[in-house]
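Survey of secondary and tertiary structure
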Amino acid sequence: MENNAHSHTIDTATGLEAPAELSTERVKSVFSQIARKYERFNAVSSFGAYRRWLDGMMRQAPIRPEHDVLDIAGGTGDVSRWVARAHHPRHIQCTDLVPEMLEVARMHKARGDFGDTPIDFDVVDAQVIPYADASYDIITMAYGIRNMPDRPRALSEMYRVLKPGGTLVCLEFSTPPNPVWRALYMFYLKHLIPFWGGLITGDKSGFVYLSKSIRAFPDQRGLASLMEGAGFHDITWKNYTGGIAAVHVAHK
Ligand SMILES: C[S@@+](CC[C@H](N)C(=O)[O-])C[C@H]1O[C@@H](n2cnc3c(N)ncnc32)[C@H](O)[C@@H]1O
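Overview of the structure. Note that this is a predicted model, so its numbers are computed, not measured.

1. Here's the deal with the sheet that holds strand β2 (residues 91-96)
Across the sheet, 7 strands lie side by side as β3-β2-β1-β4-β5-β7-β6; this open sheet has mixed pairing. Of all the strands in the sheet, the pair left with one neighbour each is β3 (119-123) and β6 (233-240). Neighbour-to-neighbour, the strand axes of this sheet turn through a mean angle of 15°, independent of strand direction. One ladder, built from 5 bridges, connects β2 with β3; its direction is parallel. Counterpart to Thr95 in the pairing with β3 is Asp122. Helix α5 (residues 99-110) contacts β2 and β3 of the sheet and is inclined by roughly 165° relative to β3.

2. Description of the environment of Ile214
Structurally, the position occupied by Ile214 is in helix α8 (residues 205-216). It is 16 Å that separates the C-alpha atoms of Ile214 and Leu226, two residues lying 12 residues apart in sequence. Those residues within four positions of Ile214 in sequence are excluded, and the remaining contacts are Arg146, Phe173, Tyr185 and Leu189.

3. A short note on the pattern of salt bridges
Two side chains of opposite charge can pair, provided their charged atoms sit close to one another. The final tally for this structure, using the stated rule, is 10 salt bridges. A salt bridge links Asp11 to Arg26, with the nearest nitrogen and oxygen atoms 2.7 Å apart. Here Asp11, found in the segment before α1 (20-34), pairs with Arg26, found in helix α1; they are 15 residues apart in sequence, far enough to count as distant. Arg26 sits in the partly exposed class, given a relative accessible area of 22%. Between Asp78 and Arg81 there is a salt bridge; the shortest N-O distance is 2.5 Å. With a gap of 3 residues between them, Asp78 and Arg81 both fall in helix α4 (residues 78-87), about one helical turn apart. Within the structure, one salt-bridge network assembled from shared partners comprises Asp133, Glu157 and Arg160.

4. Some points on the site of the ligand
Of all residues adjacent to the ligand, which total 21 residues, the nearest are Tyr38, Ala73, Asp96, Ala126 and Ala142. Starting from 600 Å² of accessible surface for the ligand in isolation, the protein chains cover 98%. For the shell around the ligand, the elements supplying multiple residues, two or more each, are α1 and α4. Considered class by class, the residues forming the shell around the ligand number 14 nonpolar, 4 polar and 3 charged.

5. Quick notes on a nonpolar patch on the surface
Nonpolar side chains collect at one region of the surface, where Val180, Trp181 and Leu184 lie side by side and expose about 310 Å² of accessible area between them. With respect to the element layout, Leu184 can be found in helix α7 (residues 179-201). Relative accessible area serves as the criterion here: at 53%, Leu184 is assigned to the exposed category.

6. A closer look at the pairing of strand β5 (residues 162-173)
The buried fraction of β5 is high, at 9 of 12 residues. Of the pairings in the sheet, the one linking strand β4 (residues 136-142) to β5 comprises 6 bridges and is parallel in character. When the sheet's bridge partners are listed, Ala142 is paired in β5 with Leu171. In this fold, β4 hands off to helix α6 (residues 151-161), which returns the chain to β5; that crossover is right-handed. By the bridge criterion, 7 bridges tie β5 to strand β7 (residues 245-251) in an arrangement that is antiparallel. Across the sheet, Val169 pairs through a bridge with Val249, a residue of β7.

Parameters at a glance
Residues numbered from 1 in each chain as written. Predicted model: local features only at pLDDT ≥ 70, side-chain atom pairs only at ≥ 80, totals over all residues. Heavy atoms only, no water. Pairing = 2+ DSSP bridges. Helix = DSSP H or I, 4+ residues; strand = E, 2+ residues; numbered from the N terminus. Axes fitted to C-alpha atoms, helices over the stretch in contact; angles between N-to-C directions. Contact = heavy atoms within 4.5 Å. Salt bridge = Lys/Arg side-chain N within 4 Å of Asp/Glu carboxyl O. Buried < 20%, exposed > 50% of the residue type's maximum accessible area, 1.4 Å probe, protein only. Near = heavy atom within 4 Å. Areas by Shrake-Rupley, 256 points an atom, 1.4 Å probe, with all protein chains shown as cover. Nonpolar A, V, L, I, M, F, W, Y, C, P; charged D, E, K, R; others polar. Patch = residues over 30% accessible without salt bridge, like charges linked within 9 Å, V, L, I, M, F, W, Y side chains within 5 Å. Right-handed = clockwise from strand over helix to strand, strands pointing away.

Given below as structure tokens:
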């Protein structure tokens, strides 16, 4: 990805300044390899919390039947499926950087998993969105922004393609405010996530990355500041499972 003079790209595993290519190539390698096992890992590793967080995300998403929805970092189409079932918008554009993830999403479409909600798929890097200004009512993004080396640029792109009055709804891992819960969670992240991931998918390295990237990611307030920096206003968030995850809602 091209860098301009003002962008500070980071290594998403450490949060330290680094060329964007480092994180982009890693994320492509991780997700192209685990694409077919990704959904199984999610279900097992979060003890079912994953579904409750998606339910929460759907409750916070102000999607109406006449809306055009853009799902960023849509992966295997999980969020798009929940949007289709919960809200039946006019259209969903499900996008992701990694074609192998979208292949699984297309398989879900072939099986009828999106019901009768019209949905299309596109390989899109969220840091350079190829769509026109002001073309979407709602953007959904789950576990996406943490994987992007130029987060300010990605959020600015999302702001640009939203219509005035549009909303970004973002589900991401976050930081538990309670120190005891936080310490337990950090132990789980550091030691058990790589173990579980290796066991379920046969490849530990992707889960070592997952664990590191969560620990290096800004807390609730930090993510809200990044959104504010991209132009969003009236940013609120709701914690889930004691702040292990948070859903931020931000307006254009
Ligand atoms: C943890 S998965 C989340 C997928 C889906 N949103 C879900 O909730 O199951 C993260 C996704 O982010 C995608 N991703 C990473 N960097 C991206 C970028 N720069 N632009 C778009 N998608 C990206 C990855 O390919 C991967 O599919």
